[in-house]
Amino acid sequence: MKYAYYPGCSLSSTGIEYDMSTKKVAKSLGIELWEIPEWNCCGASSAHLTDHLLALALPARNLAIAEAEGLDVAIPCAACYARCKATEVEVKNSQEMKKTISEVIEREYAGKTQARALLDVFVNDLGLDSISALVNKPLKDIKVASYYGCLLVRPPRLGFDDPEDPQSMDQLIKALGGTPVEWAFKTECCGAAHATTKSDVGFSMIEKILTAAKEAGADCIATACPLCMNNLDMRQSQVEAKFGKNYGLPVFYFTQLIGLALGLNPEELGVNKHFVNALGLVKKLLEAEGRRDTA
Amino acid sequence: MKRVGVFICHCGSNIAAAVDCEKVAENAKSFPGVAFSTDYKYMCAEPGQDLIKKAIKEHKLDRIVVASCSPRMHEPTFRRCIESGGLNPYLLEMANIREHCSWVHPDDKERATFKATELVRMAVAKVLKNEPLDKSTIPITKRALVIGGGIAGIQAALDIANAGHIVDVVEKEPSIGGRMAQIDKTFPTLDCSACILTPKMVEVANHPNVNLITYSEIEKVEGYVGNFDVTIRKKARSVDMKACTGCGTCYQKCPSKVPSEFEMEMMDRKAIYTPFPQAIPNKPVIDRENCRYFKTGKCGVCQKVCPTNAVDFTQEDELVTERYGAIVVATGFDLFDESVYGEYGYGKYKDVITGLHFERLINASGPTMGKIKRPSDGKIPKNVVFIKCVGSRDEVKGKAYCSKTCCMYTAKHATLVREKIKDSNVYVFYMDVRTPGKGYDEFYTRTTDQFGAKYIRGRVSKIYEKGDKLIVRGEDTLLGRPVEVEADMVVLATAMVAKSDAAKLAQMIGFSYDQNHFYTEAHPKLAPVETHTAGVYLAGACQGPKDIPDSVAQASAAAVKVCGLLSKEEMPTEPIISAVDEAICAGCGMCVPVCPYKAIDMKVIQERVHGKTISRKVATVNSGLCQGCGACTVACRSAALNLKHFTNEQILAEVDALCL
Amino acid sequence: MERIELTAALAQGQELLAEVTRESGVRASKCYQCGKCSAGCPVAFAMDKTPREIMRLLQLGLMDEALQSHTIWLCACCDTCSTRCPREVDIARVMETLRIIAKKKGYVAEKKMDLFHDLFLKSVEKHGRVHEMGLILGFNISGMQPLKDAHFGPSMLLKGKLSPLPHTIKDNGEVKKIFANVRKRGGKV
Ligand SMILES: Cc1cc2nc3c(=O)[nH]c(=O)nc-3n(C[C@H](O)[C@H](O)[C@H](O)COP(=O)(O)OP(=O)(O)OC[C@H]3O[C@@H](n4cnc5c(N)ncnc54)[C@H](O)[C@@H]3O)c2cc1C
Ligand code: SF4
Ligand code: SF4
Ligand code: SF4
Ligand code: SF4
């Protein structure tokens, strides 16, 4: 199994642990990732708020490079994935757009290479059975709120999972031995850049999600997006201060959870790089494991 | 020499404004075969018809062309007219110079006049080739079949029976009654549904002219108007109807519990059961899929306890074939499956129920004895939310149409909650309130004004559970603000949809249905209870969402049509049907599967060729079944099939007139 | 409240509405004003007009009011509305289109949010990638809040999450060309 790999800008800075864990886990699971050489930023929401053509052209360059290589692209960041998918679909469905895009990026892109969410690749291409077969430190007794965010499963019909009550991450958590909690905010938007640009609004949006996860009895949140991670993890203390709450909810990339269940070293997965202490939970997990082993 | 008369109608100014009718009449005089040509303001009016009749006599006309409106409108009129003028009615041809000419070319009189002239030229060429045709007759079987024993079927059966005809009612379920039996009270008067339905059920069961055939389905339909041969599968009840007294001992003792369909699975029934206490017939059936005896071979408790020894495990399905003159289809509706709405929880929240669940919750003989309790924990809900148009008016996840009844039944439910739970709050999320009907809008006004239900204009976007509450999010579009309700129970007014097997039944009988699988009436305004298939009529919600008053009215209307048909000994048949030229039929059989009315069979004929008798296969058209659609004539590679009145020769004459 | 003269409004809005329809592929007349979009919108609480009201303004040709609203800037592009609309109105796309037009016309109700996206794209054009450190610093300085979020800086650096210097991709000329080509085709970036 080989994919082109498009990490996106966040994964080389604020989301570095997503990149680390993705690479580690992919290797352990036998997925070969070929990082697109000298990939460029997909433009994220900024391009798409500014100019439609630019928003299609920026991702198209990366897709074109992968297409020349004959590979589909695995994309960890939900925002990048959404932009790349939109480009793929628009180019695939319109000869005219295909021509325009090729002219603008000065490369050929025919819409053949597919943009794939990393979660989709793990769950649907590799398969839960292959993953669970390799689990040796199951996430026993850990209740996880799977947070897909808004972009991963939308727009409907294009996505790989249900847009209202997606299941792939929950199934993955189960395959890792953990317990997904039932909650209604799986796809509620966290506000993306709002926390930076319009913080009162952004914080309110984050607050609702954290509160819902807490109320659902989660020990932690799993995410597939570095923007969501920033909002839920880095901003958590600010939101706690603003709303007078105390969540203490560690947030993990789903790749980190896979890594932990496979028994990889937490530091190699970047678990120490979070703002809300996640190592505590990991330690508890390992201790419980130890107790089970000795018992 | 054939002598054609041409009559150009002005249709007031409908035609004359765009077409120079006088000129067309003048032009027609030069067409081959035309002996007389004139124009007149209203051909269909009495003086116009007299004009035609007089001209037939005076000018010895033997064929007539009328150029006017669509033949769909007035062909029968002019056929009758020339018939009373002494001609065979099929020696008439119409040129449609209104819909096909004046209405579509209102601005170019010269060219419209030219086109009208050409249309008349074609009609003249065709009428010269027309042959006199005679209607034949077929006998009518004086027995009617009603499929479906809901309120519509019951009403149709009673009306037909009261007119003195024999009716069989075939009902799929173990009891008649349909949805109305599940409903508690009925809008707009709030009278108890059972109180008005049960007497009708009893009446129809006891009527000497009615046969109830319950727990049965239609297996096959052959034949045609006046003579339908219908095969009915009587499913094995496993209970001998003659011996059973309906004492109920069996279902008290039966150990197998099954969620009751009638109670919307909020209560159990037994494997041997009657769907509800007032069922008719009030004799049980065994649901073999869930019966312990049929599953494991052990049990037989019912058989042991039955005082009359009526339980019979060896019964088998029985097929009976009966001939009917007419059929009324009254198979009703199903409810939309609300579990497609992920935003409303995909059907997984226990306290999000449908209107029909609510009807059972509020019914004195229902699972909660008429106390409104929510399904999850039996608590009496204080804040109740109703959501309308769920699955209706939603082209993305549901149906584009309005289900017509839910506005009213939701108002009814809202009223009942406020009446039964004094300290309750009721919120109704709606897009429109549609209450056209006698006393309906007044009922709705009372719901808000006297009963204090809060109507909020907006579609709900999300429902989710929070503790033991349901959070309902909508927009109050009149305020332009997002709103939220912490509800204890949510009731969805789900769309009325066609039965899942609706299409199958329609195909079996041979009539049409729409994209939503509701049955199609022959004309949306002028023939609302007929289908395109003669002798098959529609009643109730199988034709489209309808409430009880509309269903009953339509049922009575269908009954009148049936009675009209059955009141005659025999009926004329349309002579415009297909005919086989046996001499050139190659016997290939291509036409047989093409005919949508199953009117073509193959038969073997004997003939002498070079002094030897040989037998070969040829097609034959059943004149009772053929509807004259012409599909076979195109399929036939040897051109052996010809549709009378539209023969290849006749059509080519028209084409030649236009093109040569 | 000011009375709207509908005929004049409709006539005035005609051209812009046609542009919105063309660019977004959405006919405003499809919307039947049910409010489901606004009911599910996670940002509606902060908007001055609900997304449904934006659709209504378009239907009546009140384009300026729509373009000057904060709503179009506050929209987080989450697609919740489009996913649930029973009339298949892609409202998220309408919001995007309105924002682009608003910007062209100089109606920017949320200057700060707009600034963020400008800086973001500048960074992309310059380096081919976004330099998050530069972006946050730039944004907070231009937004006159130089110290906002500053406390994250040191720990970010420590965790290896922010690099003080931007990474510029080798083929950056290509990205610059993409920007240039888009501009050549009338793109306002
Ligand atoms: C929640 C709710 C509340 C309502 N409240 C009211 C109210 O207060 N007032 C009002 O006027 N209307 C009300 N209605 C509408 C009312 O239910 C319908 O108008 C009425 O039931 C239509 O009657 P019907 O006979 O056409 O169909 P149904 O009641 O559906 O009866 C059809 C019958 O045909 C049988 N059948 C189906 N297919 C076959 C087959 N293939 N072969 C043999 N038999 C078959 C079925 O088993 C059933 O017995 C309500 C509807 C709902 C959903
Ligand atoms: S016990 Fe026998 S008689 Fe009584 S209801 Fe059952 S089958 Fe009929
Ligand atoms: S009757 Fe009322 S509730 Fe039902 S679909 Fe029509 S408008 Fe909606
Ligand atoms: S959900 Fe769709 S139809 Fe309803 S108000 Fe919004 S845009 Fe209009
Ligand atoms: S896309 Fe924008 S308008 Fe639509 S729901 Fe999300 S934030 Fe609201």
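About the thresholds
- Residues numbered from 1 in each chain as written.
- Chains lettered and ligands numbered in written order.
- Predicted model: local features only at pLDDT ≥ 70, side-chain atom pairs only at ≥ 80, totals over all residues.
- Heavy atoms only, no water.
- Phe/Tyr/Trp six-rings, centres within 6.5 Å; stacked < 30°, edge-to-face > 60°.
- Helix = DSSP H or I, 4+ residues; strand = E, 2+ residues; numbered from the N terminus.
- Buried < 20%, exposed > 50% of the residue type's maximum accessible area, 1.4 Å probe, protein only.
- Pairing = 2+ DSSP bridges.
- Axes fitted to C-alpha atoms, helices over the stretch in contact; angles between N-to-C directions.
- Contact = heavy atoms within 4.5 Å.
- Domains from an automatic or database assignment.
- Buried area = accessible area lost by both parts, 1.4 Å probe.
- Salt bridge = Lys/Arg side-chain N within 4 Å of Asp/Glu carboxyl O.
- Polar contact = N/O pair within 3.5 Å; in protein donor to acceptor, adjacent residues only side chain to side chain.
- Near = heavy atom within 4 Å.
- Nonpolar A, V, L, I, M, F, W, Y, C, P; charged D, E, K, R; others polar.
- Disulfide = S-S within 2.5 Å.
- Bend = angle between axes of the 7 residues up to and from the residue.

Bringing the packing of aromatic side chains into the picture now. Counting across every chain of the model gives 21 aromatic pairs over all chains. Geometrically, the ring pair formed by phenylalanine 185 of chain A and tyrosine 464 of chain B is edge-to-face, given 5.1 Å between the ring centres and 85° between the ring planes. Of this pair, phenylalanine 185 of chain A sits in the loop between strand 6 (179–180) and helix 8 (194–197) while tyrosine 464 of chain B sits in strand 24 (residues 462–466), each in a different chain. This pair shows no difference in class: phenylalanine 185 of chain A is buried, exactly as tyrosine 464 of chain B is. Taken together, a centroid distance of 4.8 Å and an interplanar angle of 85° make the contact between phenylalanine 511 of chain B and tyrosine 519 of chain B edge-to-face. Put simply, the rings of Tyr18, Phe122, Tyr253 and Phe254 of chain A touch in pairs and so form one group of aromatic residues.

Adjacent strands of a sheet form backbone hydrogen bonds with each other and so pair up, either parallel or antiparallel. Residue and element names in this part refer to chain B. The parallel open sheet is built from 4 strands, whose spatial order is 2-1-3-4. Here the strands that pair on one side only, and so sit at the sheet edges, are strand 2 (34–40) and strand 4 (92–96). The average undirected angle you get between the axes of adjacent strands in this sheet is 15°. Bridge count for strand 1 (residues 4–9) against strand 3 (residues 63–68) is 5 bridges, and the pairing is parallel. Along strand 3, the bridge assignment pairs valine 4 with arginine 63. The sheet strands contacting helix 3 (residues 71–84) are strand 3 and strand 4, and the helix crosses strand 4 at an angle near 150°.

Residue and element names in this part refer to chain B. With an omega of -5°, the peptide bond between phenylalanine 187 and proline 188 qualifies as cis. Locating proline 188 in the fold gives a position in the loop between strand 8 (185–186) and strand 9 (191–192). For the peptide bond that leads from isoleucine 280 to proline 281, omega is 0°, which places it in the cis range. In this model, methionine 369 sits at a positive phi of 55°, which is unusual for a non-glycine residue. One can find methionine 369 in the loop between helix 11 (355–361) and strand 21 (383–390). Unlike most non-glycine residues, alanine 639 shows phi in positive territory, near 55°. For alanine 639, the location among the structural elements is in the loop between helix 17 (631–635) and strand 34 (641–643).

The next subject is the domain arrangement of chain B. Along its sequence, chain B is carved into domain 1 (4–129), domain 2 (135–235 + 317–332 + 499–570), domain 3 (236–315), domain 4 (334–496) and domain 5 (578–644). Between the C-alpha centres of domain 3 of chain B and domain 5 of chain B the distance comes to 52 Å.

Between chain B and chain A, the residue contacts involve 11 residues of the former and 9 residues of the latter. Summing both partners gives a buried area of about 800 Å² for chain B against chain A, and 45% of it is carried by carbon and sulfur. It is Tyr346, Lys348 and Lys462 of chain B in chain B that bury the most area against chain A; as a group they hold 48% of the surface buried on that side. If you look at where chain B meets chain A, you find 3 salt bridges. Between lysine 348 of chain B and aspartate 165 of chain A there is a salt bridge; the shortest N-O distance is 2.7 Å. Our enumeration of links across chain B and chain A arrives at 3 residue pairs in polar contact (both at pLDDT 80 or more). Looking at the side of chain B that touches chain A element by element, the count peaks at 3 residues for strand 24 of chain B.

Turning to the site of ligand 3, a few remarks are in order. Residue and element names in this part refer to chain B. Around ligand 3, the neighbouring residues are Lys388, Cys389, Ser392, Arg393, Cys402, Ser403, Lys404, Thr405, Cys406, Cys407 and Arg434. For the shell around ligand 3, the secondary structure elements donating two or more residues are strand 21 and helix 12 (406–420). By residue class, the composition of the shell around ligand 3 is 4 nonpolar, 3 polar and 4 charged.

Counted under the stated rule, the structure contains 1 disulfide over all chains. Disulfide pairing is shown between cysteine 192 of chain B and cysteine 195 of chain B; the S-S distance is 2.2 Å. In this structure, the disulfide formed by cysteine 192 of chain B and cysteine 195 of chain B twists by about 90° around the S-S bond and is classed as right-handed. Residue classification places cysteine 192 of chain B among the partly exposed residues on the basis of a relative accessible area of 25%. Of all cysteine sulfurs, the one in cysteine 41 of chain A lies closest to cysteine 9 of chain A, which takes part in no disulfide; the gap is 3.7 Å. For cysteine 9 of chain A, a relative accessible area of 8% corresponds to the buried category.

To continue, consider the domain arrangement of chain A. All names here are of chain A. Domain annotation of chain A identifies domain 1 (2–118) and domain 2 (130–294). Each partner contributes to the interface: domain 1 provides 24 residues, whereas domain 2 provides 26 residues. Summed over both partners, the interface of domain 1 with domain 2 buries about 2100 Å², with 77% contributed by carbon and sulfur atoms. Of all residues in domain 1, the largest losses of buried area upon contact with domain 2 belong to Glu17, Tyr18 and Leu29, amounting jointly to 26% of the total for that side. At the junction of domain 1 and domain 2, the tally comes to 0 salt bridges. Linking domain 1 with domain 2 are 3 residue pairs in polar contact (both at pLDDT 80 or more). Going through the elements one at a time, helix 1 (16–29) and helix 4 (78–93) are the ones with two or more residues in the side of domain 1 that touches domain 2.

What follows covers the site of ligand 4. Near ligand 4, the surroundings consist of 13 residues, among which Cys31, Cys34, Gly35, Cys37 and Cys85 of chain C are the closest. Along the lines of polarity and charge, the residues of the shell around ligand 4 split into 8 nonpolar, 2 polar and 3 charged.

Our focus in this paragraph is the environment of valine 311 of chain B. Residue and element names in this part refer to chain B. By the element assignment, valine 311 lies in the loop between helix 10 (301–305) and strand 17 (318–324). Taking the C-alpha atoms as reference, valine 311 lies 78 Å from lysine 60; in sequence the two are 251 residues apart. If we ignore the near neighbours within four places in the chain, the residues touching valine 311 are Ser238, Val239, Ile272, Ile286, Cys302, Gln303 and Cys306.

Once that is clear, we can look at the pairing of strand 26 (residues 481–487) of chain B. All names here are of chain B. Strand direction decides the pairing type here: strand 25 (residues 469–476) and strand 26, joined by 7 bridges, are antiparallel. The partner of glycine 474 across the bridge, within strand 26, is valine 483. Joining the antiparallel neighbours strand 25 and strand 26 is a turn of 4 residues, in which glycine 480 adopts a positive phi near 75°.

All names here are of chain B. For the structure on display, the rule yields 68 salt bridges over all chains. One salt bridge in this structure joins arginine 323 and aspartate 229, with 2.8 Å as the shortest N-O distance. Of this pair, arginine 323 sits in strand 17 while aspartate 229 is found in strand 12 (residues 227–234), placing the two residues 94 residues apart along the sequence. By relative accessible area, aspartate 229 is classed as partly exposed at 22%.

With that out of the way, let us pick up helix 1 (residues 6–24) of chain C. Residue and element names in this part refer to chain C. A bend of about 50° at glutamine 14 is the largest found in helix 1. Among the residues of helix 1, those classed as buried are Ala9, Gly13, Leu16, Leu17, Glu19, Val20 and Ser24. Residues of helix 1 that are buried in the fold lie against helix 3 (51–59), helix 4 (63–67) and helix 7 (91–104). Among the residues trailing helix 1, glycine 25 stands out with phi positive, at a value near 75°.

Turning to the sheet that holds strand 11 (residues 216–224) of chain B, a few remarks are in order. Residue and element names in this part refer to chain B. In spatial order, the strands read 11-12-17; together these 3 strands make up an open sheet with antiparallel pairing. With one partner strand each, in any of the chains shown, strand 11 and strand 17 form the two edges of the open sheet. Between one strand axis and the next, the sheet turns through 20° on average, direction left out of account. Inspection of the sheet shows strand 12 paired to strand 17 by 7 bridges, in the antiparallel sense. The residue bridging lysine 234 from the neighbouring strand is glutamate 318, located in strand 17.

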